[in-house]
Structures are given as C-alpha cells and as structure tokens.
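A closer look at the structure
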Amino acid sequence: MNIELKKELPSYEQQQDFYVKLRAKMTEFLTSKSGKKSKLAPYLLFAPDLFHLLIKALLDNRIDAKNKTLIGSGILYFISPVDVLPEGLVGPGGYIDDIIVATFIVNMLLNKFSAEIIEEHWAGDVKLLTALKKIAETSNSFVGKLPSKSLLGRFIKKTKKA
C-alpha cells in the first residue's frame, strides 16, 4: 500500500529545528520556579523522542500497513486531548501515559522488525534500548500508584501477563 502525501514534508532541518524547540520548551516548562528540575523530567523528555520515532517509523517503507496502523494509533494518542492523563489538566505529567503507550508500540515494533530499522529513527540522547528500559522501570512504579480500576492500570497489568 503506497500512501501519497498531498503536501511535501518539512525538510530534515525544519524537522530537527521543531524537535529541538519542543525539547527546549519541555525542559523550560519542567524546570520549577526554584530552578530545580522535576524528578520526572528526564523521563518526560522521552515524549518528544518517542513522538519523533513514531512519526519517522510511520513514513518508513520497510514497515507494513498493519503495523503503520498501530503506529498511527500511538501518534493519535499523543495528539488527542482526551486520554487517561490529559496534559491540559495535569501539565507535563500528562505525557506519562503517552510515553507508556508509545513504549508499548515501540516494543511491539522491536519484536517484529530489526532493531536497526527502529533505532535508525531514534533522535534521543541515549540509546533506544537503554531509554526503553528506563521508561519501563519508571512506568512500573508509576502504574503501581494508580487506582486499580483505572484504564491505564488494567492495560499495563494485562500486557505484563502476556
């Protein structure tokens, strides 16, 4: 299935510029009034990295249409104002659920495709697999604090059993 874009994608330089600006804005937002960063800041900064990875993977011709549907769902979850932890209400902490969903999708992609294909699109400061390990450790402790009846809590518990 070939998808034709009606409008040309921004140049690589423009994409990188947007990515750098987004990370800078998140870093500024996560810095408290006292000048100290939030404890979650290093993990929340994975949000732009994961979003960038999903966008690039969506455009990769080596990934089939079925998996692109999964990737597209992850992108929609990122940009949707309606999710488990809405950024508008919770602030930057609202990206936690987006990061968990994106990590789940990236993990599925890594199980189906060569790690080199997925890592090729990673723009983060640390290696992709190292980042995923950190996110998984953080999400485990975060999910343990959620009410047991929450949608995200049930989702994570089911994926751990599988």
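Scroll up for the structure.
Residues numbered from 1 in each chain as written. Predicted model: local features only at pLDDT ≥ 70, side-chain atom pairs only at ≥ 80, totals over all residues. Heavy atoms only, no water.

Digging into the side chain of Asp49
With respect to the helices and strands, the residue Asp49 is situated in helix H3 (residues 46-58). Contacts of Asp49, omitting those with residues within four sequence positions, involve Tyr19, Arg23, Trp122, Ala123, Gly124 and Asp125. (Helix = DSSP H or I, 4+ residues; strand = E, 2+ residues; numbered from the N terminus. Contact = heavy atoms within 4.5 Å.)

Focus on helix H6 (residues 95-112)
Because the α-helix completes a turn every 3.6 residues, residues three or four places apart line up on one side. End to end, H6 covers 26 Å across 18 residues, agreeing with the expected 26 Å (1.5 Å per residue, within 8%). Among the residues making up H6, those that are buried are Ile96, Asp97, Asp98, Ile99, Ile100, Val101, Ala102, Thr103, Ile105, Val106, Leu109 and Leu110. (Expected span 1.5 Å × (residues − 1). Buried < 20%, exposed > 50% of the residue type's maximum accessible area, 1.4 Å probe, protein only.)

Re the packing of H3 against H6
The N-to-C vectors of H3 and H6 enclose an angle of 40 degrees; their axes lie 10 Å apart at closest approach. Judged by the inter-axis angle, H3 sits oblique to H6. Of the two possible hands of crossing, H3 and H6 adopt the one that is left-handed. Here Ala47, Leu50, Leu53 and Leu54 of H3 come into contact with H6, specifically with Tyr95, Ile99, Ala102, Thr103, Ile105 and Val106. Partitioned by chemical class, the residues of the contact of H3 with H6 number nine nonpolar, one polar and no charged. (Axes fitted to C-alpha atoms, helices over the stretch in contact; angles between N-to-C directions. Parallel < 35°, antiparallel > 145°, perpendicular 65-115°, else oblique. Left-handed = near helix turned anticlockwise from the far one by under 90°. Nonpolar A, V, L, I, M, F, W, Y, C, P; charged D, E, K, R; others polar.)

Side note on the environment of Leu58
Turning to its location among the elements, Leu58 is positioned in helix H3. Taking the C-alpha atoms as reference, Leu58 lies 9.2 Å from Leu70; in sequence the two are twelve residues apart. Ignoring anything within four residues of it in the chain, the contact list for Leu58 reads Lys68, Ile71, Gly72 and Ile75.

A look at H3
The terminal C-alpha atoms of H3 lie 18 Å apart, and with 13 residues this matches the ideal 18 Å at 1.5 Å per residue to within 8%. In terms of burial, H3 is a largely internal element, eleven of the 13 residues being buried. Listed as buried for H3 are Phe46, Ala47, Pro48, Asp49, Leu50, Phe51, His52, Leu53, Leu54, Lys56 and Ala57.

Describing the packing of aromatic side chains
Each aromatic ring pair is characterised by the separation of its centres together with the angle its planes make. Counting across every chain of the model gives two aromatic pairs. Between Phe46 and Trp122 the ring centres are 6.5 Å apart and the planes differ by 35 degrees, which places this aromatic pair in the tilted class. In this pair, Phe46 is assigned in helix H3 and Trp122 in the loop between helix H7 (115-119) and helix H8 (128-144), connecting sequence segments 76 residues apart. Residue classification places Trp122 among the buried positions, given a relative accessible area of 12%. Their ring planes at 65 degrees and their centres at 5.3 Å tell us that Phe51 and Phe78 sit as a pair that is edge-to-face. Of the two residues, Phe51 sits in helix H3 while Phe78 sits in helix H4 (residues 65-79), which places them 27 residues apart along the sequence. (Phe/Tyr/Trp six-rings, centres within 6.5 Å; stacked < 30°, edge-to-face > 60°.)

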